[in-house]
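# Fold and geometry: a report
Chain residues, written in single-letter form:
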Amino acid sequence: MTTSKASTTSIAAKYGTARRTVTVHVNERDVTREVSTRTTLADFLRDELGLVSVHLGCEHGECGSCTVLFDGHSVRSCLMLAVQTDGHTVETVESLAGNPAELHPIQEAFAEEQGLQCGFCTPAMVLRTKEIIETGRDRELTDAEVRHEISGILCRCTGYQNIVRAVQSAQRRCRGGGRDA
Amino acid sequence: MTYAYIGKDRRRVEDPRLLVGRGGYIADLRLPGMLHAAILRSPVPHARIRSVDATEALRLPGVVAVLTGEDCKAKLNPCMNFGPATIAQYPLAVDKVRYVGEAVAAVVAENRYLAEDGVDLLEVDYETLPPVTDPMAAMEPESALLHEEHGSNIGYERTFEFGDVNAAFAGADLVVEDTLHWGRSAGVPMETTGAVAQPGFNGVLEIYCNSLNFSYFSFLIAATLRIPSNKLTMKPVPAGGSFGSKLAAHKVPTLAGFLALQVGRPVSYVEDRLDNLMNSDHHGCDRFYEARMGFRADGTITGLDIDVVDDYGAYMQFGVGHHGNAFSQVVGPYRFRDVRYRIRAVLTDKCQQGAYRGFGSEVHNWVLERLVDQGAARLGLAPEEIRRCNFIQPDQFPYTIPGGNLYDSGDYPAVLDKALSMIDLNKWRAEQKRLREEEGRHIGIGLATTQERSVFSSTEFWSMVEKPVLPVTSSPESATVTIDPTGQFQLLLHCQSMWGNSPETVGATVLAEEFGIPPESVNVRYADSAHALPSTGPGGSRYTVMVAGAIRGASRKLRKKLIDIAAHTLEEAPEDLELVDARVQVRDAPETGLTLAELAATAYFFALSLPEGMTSGLEESYTYDHPYTTLPAPDGSDFGVFYPIMGHACHIVVLEVDPDTGIPSFLDYVAVHDAGTIVNPRSLGGHVTGGATQGIGTTLYEELAYDEDGQFQSSTFRDYLIPTANEAPAFRIGHVQTPSPFTEYGIKGGGEGGRMVAPAAVSAAIDDALREYGMRVRRLPVKPADIVATVRAGRSAEGAV
Amino acid sequence: MKPPPFTYCDPESVDEAVALKSEYGSDSLVLAGGQSLLPMLNMRLARPEVLIDINKIGDLQRIERWDDILEVGAGVRQYELEDHQLVGELVPLLPEATGYIGHIECRHRGTVGGSLAHAHSAAELPCTAVALDATVVVRGPSGIRTIEARDFFQGRMTTALEPEEVLVAVRYPVTPQAAGHGFVEVARRAGDFALAGAAAVVNLGEDGCFTSVSVGVSSISDTPVRASAVESALIGEAPTENNIARAAEEIVPSVTAADDLHATHDYRRHLASVVVRRAITAAVARAHERRNGT
């Protein structure tokens, strides 16, 4: 094992070993797990909590497939460590609907507009849409505005056209008396 | 012909599970005791491997095994290969590395973190060799050789001529010529290729993999692994995108299988993005053209002469099938008859070429359209005029092209007219002039067409080779339709065909059409290779056509059985019955009939109520062979009919180029496609927009670049630039439907056309925007620096005058 | 692509962070927003023995005004600058430039101090800091030290920060009310590293001529560049199209970046003058708007 010199010395020793116990509020539940301090948030969600909607497309913060909501904000979960989420809130797409038969209005909008093909970027796109809606956009975004807002998440299948429509449709659905987004 | 379900905009049946994050991708699979592999990749482009020292890695707690090329050499046969036998490859490099990123060793550990720790501790002694990076220099006798056994860096060389090109050019009023380079890009799906292998029940090696065509080739993986093919089962796993990159993706499952056999435990190997960009085995084409086209003064094309050097990279797994593909539509939608085509496939220290949406025909189309546009400009014809005057006419089908392939049907003027009806070109041309004069802005309009060959027959993989190793002529597709005892439908597809296309939606739609059931009620499954009937899987825009044929074939058999049971039960003649809306009824007395559930109960549980000789159950399978293939001539004078299901498309692009920055932005984009009878307009539209966006990526952004020393420059998404929503235009889609006379329902494939035409249309628009500076897109991707250099050169030439 | 092993420390005070830096120096790295460091860890291009996560240090997350200075804590997230009322009023260039950093998901985590300490020459905040004459505040074992932004960036991704120091804040002079600002960036795709970018702040005198011009330029050299020659060519001149265009050419000799995959040296020489011209032009337009009270 490539042991770290630092682990034996005084100041760093205070911060404990290579493992930590964290308690995270994930999808409206507190979960407590022991994690390796180098485990990324994405791997923690996927491997420890089984939230496999969090997809790893690049692991260097460029594709956006692993986007989750961290304290309500969209973040790349491959660029955070699991230990950093102790005491914080994380949402994945499983928080909207876990059951394919009971889709959330945002997911309904994506289904209606075929705003997906292979599904790999889809959880990220859905969560980003949720954030767009929640950040108080009362007005339906224009085509160009939606494109700008979702440009941090790559989709290789759709050419984005149907995703743009889905985001706009989701805005209408959530404004028009649908379930709270 | 009107249909109840086919052709309707309906939701996809795949989507609900994907929307809740349960796509079932390979990386989501967990098996008890599963280990993880990570790969050490070559940092040098060309070297002999003197030794790999794994001592330190094996000491690391959690590391279970380290395997190298030496192990592969001892325990494996070379990988499947449709190229020259003298160019062998293994999942881990044997003796030599031939490109940056080639796999050198695999570390198997308790988790991926530890596996990568182990990779860090490996020490490799390389004896570096001169890098071979320039394909022109690689052909020189003094060049270092990639494969000593092959004896040359030219993997394939041949010239084909159909008609008489010299005569055609002699009779031409104008011969245009161009030097063109189509740069490397690749499918690069958001999900990489991965596999999980485990030694399973009864000594069978089970490999879960998101590769697409294993029903067709799993025996070849077994051969590499030196196990009997009935001791290997490939398990289907949906893919998060492919675009060619998971077509016959064999090294990943082979490696996972090898590792699992060596350690006796389940092993997962999922490429990370570095693995995938450097070493996907599916880099797209990288071609250098000297191309000429002859014209008469009225715009009629007289002939085409192509000399192409194709930088294949280090291996040639798919042979030169990419050029066979181009031959399927070598004249595009045009009537000229004289074609010469010289190919040199060159080996260099780069990742090998594989499949990318178009498989080589998209490159050919770009070249063809570049030449046509140059001819139009030189002859003073509008791009739509020169195309219209050369189109094969609707009454000429079926139409045999030079080289022997056949175009089944088409109405190219109708596609062009539809596109022109969706955009006011006169208005845009006036606006272009006004904006240039009044605001100094540079608007460009580009129009291009493409043929979209679909449904490969498989002969193009070998028809260009003098002594083909495996001259296959089968590329079948199968389906099994089951009605269960309560009347519910199961559809079994015989390969892993889900990569972001819509195999389940297509299948459910066809069953809905055949039986009058709601498409959403059908349950679709995928067979593993131990249970699969013959199946080739998606690729070459074949799947929708082929699986519809298979499902309809199975449905016919099942419908007959249902009607026979009903006839027997109702004591009516079978010919007096019909199946309408999930019910078999008397044609003249529709109130008399039996539901599918009633008939199913009889079929499963009341054998004594069945017609004499009928056996219990309601399940039928059907294997649908390619609808129209003929054998090529052995001497290469004729390739036969191999890709006859021919779609067509026309794209019209309006964009603006900022001449000071070289940054283009789209103002309008019209895409009209004819893919025969449409199964689902919106999902076909998704292929059009997705494909076109990839074409835009190839044209403007994406580049798998190697520097002069052979170092790879595009190993991350910071350098390999996939279009985001900002770069993709707001498309306007139109459809024309010219059914195929050869396929069930008249369906043609539609998966690739967007990428096959967008590069030509966008290139033309950029030329048009900067015509005053002599802009001509000759090299893809065309980068801002290229554009600005042309503008500045043009401006200083103006200033000099 | 998984991070290598490291010892993870998450101090809750600057003192503790400085103590860790003092002990581990260049064997340690500070984790702020992680938008550059985590990719480097995942690709194992960075292999710190100790990772010092400063995200729990509340003191680093303040935005305060005192006198004519806006002080932004190193731990302030980039997105917070974008609609922060005080920031928008006092240093309006800052939110505008921040909007160009990557994509929103990056700005939700990325911090002000992280961007400055990473010191990528294509980055927006270093370029802006240079243009605004900002001061970087660092804490080491012997206390606080301030460094002018233009001295802070020393070379390719290297800064004046000593191994035992922690970047704690950046101080921006409040932009005069009548000043105009502009930010222009050209990238292959929106959100990519700039091929070249320029941040400009101008003041116009009673006669309408430039009384001050500050321009920072990104991605043309190893560090963000202050366009001094451009500035001096404009002082006292009228903000005409010609004057601005001529002065913008003065940036060209500062372009030292070599050819790379995305841009050639020649292209950057040209582009540098384009972005400088456009940024100054935008700044002038804003200055006019302010004067006219629109």
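Thresholds, definitions, all that
- Residues numbered from 1 in each chain as written.
- Chains lettered and ligands numbered in written order.
- Predicted model: local features only at pLDDT ≥ 70, side-chain atom pairs only at ≥ 80, totals over all residues.
- Heavy atoms only, no water.
- Patch = residues over 30% accessible without salt bridge, like charges linked within 9 Å, V, L, I, M, F, W, Y side chains within 5 Å.
- Areas by Shrake-Rupley, 256 points an atom, 1.4 Å probe, with all protein chains shown as cover.
- Salt bridge = Lys/Arg side-chain N within 4 Å of Asp/Glu carboxyl O.
- Lys, Arg positive; Asp, Glu negative; His and termini not counted.
- Charge placed at Lys NZ, Arg CZ, Asp CG, Glu CD.
- Helix = DSSP H or I, 4+ residues; strand = E, 2+ residues; numbered from the N terminus.
- Buried < 20%, exposed > 50% of the residue type's maximum accessible area, 1.4 Å probe, protein only.
- 1 Å grid on protein atoms, 1.4 Å probe; cavity = no way out; pocket = protein on both sides within 12 Å on 5 of 7 lines; lining within 4 Å.
- Points joined across faces, edges and corners; volume = space filled by probe spheres on them.
- Nonpolar A, V, L, I, M, F, W, Y, C, P; charged D, E, K, R; others polar.
- Contact = heavy atoms within 4.5 Å.
- Buried area = accessible area lost by both parts, 1.4 Å probe.
- Polar contact = N/O pair within 3.5 Å; in protein donor to acceptor, adjacent residues only side chain to side chain.
- Domains from an automatic or database assignment.
- Pairing = 2+ DSSP bridges.
- Axes fitted to C-alpha atoms, helices over the stretch in contact; angles between N-to-C directions.
- Left-handed = near helix turned anticlockwise from the far one by under 90°.
- Core = buried A, V, L, I, M, F, W, Y, C linked by side-chain atoms within 4.5 Å.

Residue and element names in this part refer to chain B. Taken together, E571, E572, E575, D576 and D588 make up a surface patch of like negative charges. Examined against the element boundaries, E571 turns out to sit in the loop between α16 (543–570) and β22 (577–580). A residue is classified by how much of its surface remains accessible, and E571, at 71% relative accessible area, is exposed.

Quick look at empty space enclosed by the protein now. Residue and element names in this part refer to chain B. Considering all chains together, one arrives at 6 cavities of 30 Å³ or more under this definition. Reported here for the largest cavity is a volume of approximately 610 Å³. If you trace the largest cavity, you find 41 residues lining it, with W499, S541, H687, G750 and G751 closest to the centre. Among the elements of the structure, α15 (503–515), α16 and α18 (681–701) are those that each provide at least two residues to the lining of the largest cavity. No other element matches the 3 residues that α18 contributes to the lining of the largest cavity. Residues belonging to the lining of the largest cavity are distributed by class as follows: 19 nonpolar, 17 polar and 5 charged. Here the second largest cavity is characterised by a volume of approximately 140 Å³. If you trace the second largest cavity, you find 14 residues lining it, with K251, V252, E271, N279 and D281 closest to the centre.

A few words now on the interface of chain B and chain A. On the chain A side, the residues contacting the 60 residues of chain B number 55 residues. Counting each side, the surface lost to burial between chain B and chain A is near 4600 Å², with a carbon and sulfur contribution of 53%. Its largest share of buried area at the contact with chain A, chain B owes to L19, Y113 and M190 of chain B, together 18% of the area lost on that side. A salt bridge links D117 of chain B to R38 of chain A; the shortest N-O distance between them is 2.5 Å. Put simply, chain B and chain A have 34 residue pairs in polar contact (both at pLDDT 80 or more) between them. Within the residue set of the side of chain B that touches chain A, elements represented by two or more residues are α1 (15–19), α4 (112–120) and α18 of chain B.

With that out of the way, let us pick up a nonpolar patch on the surface. Together, F82, V469, L470 and V472 of chain B give the surface a local cluster of nonpolar side chains, amounting to about 340 Å² of exposed area. Mapped onto the secondary structure, V469 of chain B falls in the loop between β18 (442–454) and β19 (477–483).

Our next topic: the domain arrangement of chain B. Residue and element names in this part refer to chain B. If you check the domain split of chain B, you get domain 1 (31–129 + 193–270), domain 2 (287–459 + 633–800) and domain 3 (476–624). Look at where the C-alpha atoms of domain 1 and domain 2 centre, and you get two points 37 Å apart. With 23 residues of domain 1 at the interface, the matching set in domain 2 holds 22 residues. A combined buried area of about 1800 Å² lies between domain 1 and domain 2, and 59% of that area is made up of carbon and sulfur atoms. One can count 9 residue pairs in polar contact (both at pLDDT 80 or more) joining domain 1 with domain 2. Looking at side-chain class alone, the side of domain 1 that touches domain 2 contains 14 nonpolar, 7 polar and 2 charged residues.

As a further point, take the pairing of strand β7 (residues 143–148) of chain C. Where strand β6 (residues 135–140) of chain C and β7 of chain C come together, 6 bridges link them in antiparallel fashion. When the bridges of β7 of chain C are listed, V136 of chain C appears paired with I147 of chain C.

Turning our attention to the packing of α15 of chain B against α16 of chain B. Residue and element names in this part refer to chain B. The contact between α15 and α16 brings their axes to 9 Å, and the two run at 35 degrees. The interaxial crossing formed by α15 with α16 has right-handed handedness. Packed against α15, whose contacting residues are P503, V506, G507, V510, L511, E514 and F515, the element α16 presents Y543, T544, V547, A548, I551, R552, S555, L558, R559 and L562 at the interface. Of the residues assigned to the contact of α15 with α16, the class counts are 11 nonpolar, 3 polar and 3 charged.

It is worth spelling out helix α13 (residues 412–422) of chain B at this point. Burial in α13 of chain B covers these residues: Y412, P413, V415, L416, A419 and M422 of chain B. In this structure, the buried residues of α13 of chain B make contact with α12 (383–390), β17 (406–407), β18, β26 (645–658), β27 (663–674) and β28 (731–736) of chain B.

Before going further, it helps to spend a moment on the side chain of T68 of chain B. All names here are of chain B. Relative to the assigned elements, T68 resides in strand β3 (residues 63–68). When its relative accessible area of 12% is taken as the criterion, T68 is described as buried. Within the structure, the side chain of T68 is placed 3.2 Å from the backbone nitrogen of E70, a separation counted as a polar contact. In this structure T68 touches V52, L92, V104 and A105, once residues within four positions along its chain are discounted.

With 32 residues of chain B in contact, the opposing surface of chain C contributes 29 residues. Summing both partners gives a buried area of about 2600 Å² for chain B against chain C, and 55% of it is carried by carbon and sulfur. The largest per-residue losses of area from chain B upon contact with chain C belong to D660, R718 and L721 of chain B, which jointly make up 20% of the total buried on that side. For R47 of chain C, the salt bridge is made with D120 of chain B, and the minimal N-O distance between the two is 2.8 Å. Counting across the chain B and chain C interface gives 19 residue pairs in polar contact (both at pLDDT 80 or more). Taken together, the residues that form the side of chain B that touches chain C break down as 12 nonpolar, 6 polar and 14 charged.

If you look at the biggest cluster of nonpolar residues, it comprises 223 residues, and the most contacted ones within it are F110 of chain A together with M293, F515, Y669, F717 and I766 of chain B. At 14 residues, the largest contribution of residues to this core is made by α16 of chain B. Those residues in contact with I766 of chain B that sit more than four places away from it in its chain are L655, V657, L700, M775, V777, V782 and I787 of chain B. Counting 42 residues, the second largest nonpolar core, distinct from the first, contains I39, L220, L247 and A248 of chain B.

Before going further, it helps to spend a moment on the sheet that holds strand β21 (residues 523–526) of chain B. All names here are of chain B. Strand order in this open sheet of 4 strands is β21-β20-β19-β25, and the pairing throughout is mixed. If you trace the sheet from one side to the other, it starts and ends with β21 and β25 (619–624), each paired once. Averaged over all adjacent pairs, the angle separating strand axes in this sheet is 20 degrees, with direction ignored. Of the strand pairs in this sheet, strand β20 (residues 489–493) and β21 are connected by 4 bridges, and their pairing is parallel. What sits directly across from L492, in β21, is R525. Contacting β19, β20 and β21, α15 crosses the sheet at an angle of about 135 degrees to β20. Running over the sheet, α16 touches β19, β20 and β25 and is turned about 145 degrees from β25.

Right, let's talk about the domain arrangement of chain A for a bit. Residues and elements named next belong to chain A. Entries for chain A in the domain assignment read domain 1 (16–95) and domain 2 (105–175). Placing a centre on the C-alpha atoms of domain 1 and another on those of domain 2 gives a separation of 22 Å. Each partner contributes to the interface: domain 1 provides 18 residues, whereas domain 2 provides 14 residues. Buried surface at the junction of domain 1 and domain 2, both sides included, amounts to about 1200 Å², of which 57% is carbon and sulfur. E91 is paired through a salt bridge with K130; the nearest N and O atoms lie 2.6 Å apart. Summed over the shared surface of domain 1 and domain 2, the result is 5 residue pairs in polar contact (both at pLDDT 80 or more). Elements supplying a minimum of two residues to the side of domain 1 that touches domain 2: β3 (67–70) and β4 (73–76). Per-class residue counts for the side of domain 1 that touches domain 2 are 5 nonpolar, 10 polar and 3 charged.

So, on to the sheet that holds strand β2 (residues 29–36) of chain A. Sheet strands pair via backbone hydrogen bonds, and the direction of the pair is either parallel or antiparallel. Residues and elements named next belong to chain A. Taken together, the 5 strands give an open sheet; going across it, the order is β2-β1-β5-β3-β4, and neighbouring strands pair in mixed fashion. Only two strands of the sheet have a single neighbouring strand rather than two, namely β2 and β4. Strand after strand, the sheet turns through a mean of 40 degrees between neighbouring axes, direction not considered. Packing of helix α4 (residues 122–134) onto the sheet brings it into contact with β3, β4 and β5 (89–91), and relative to β3 it is tilted by some 35 degrees.

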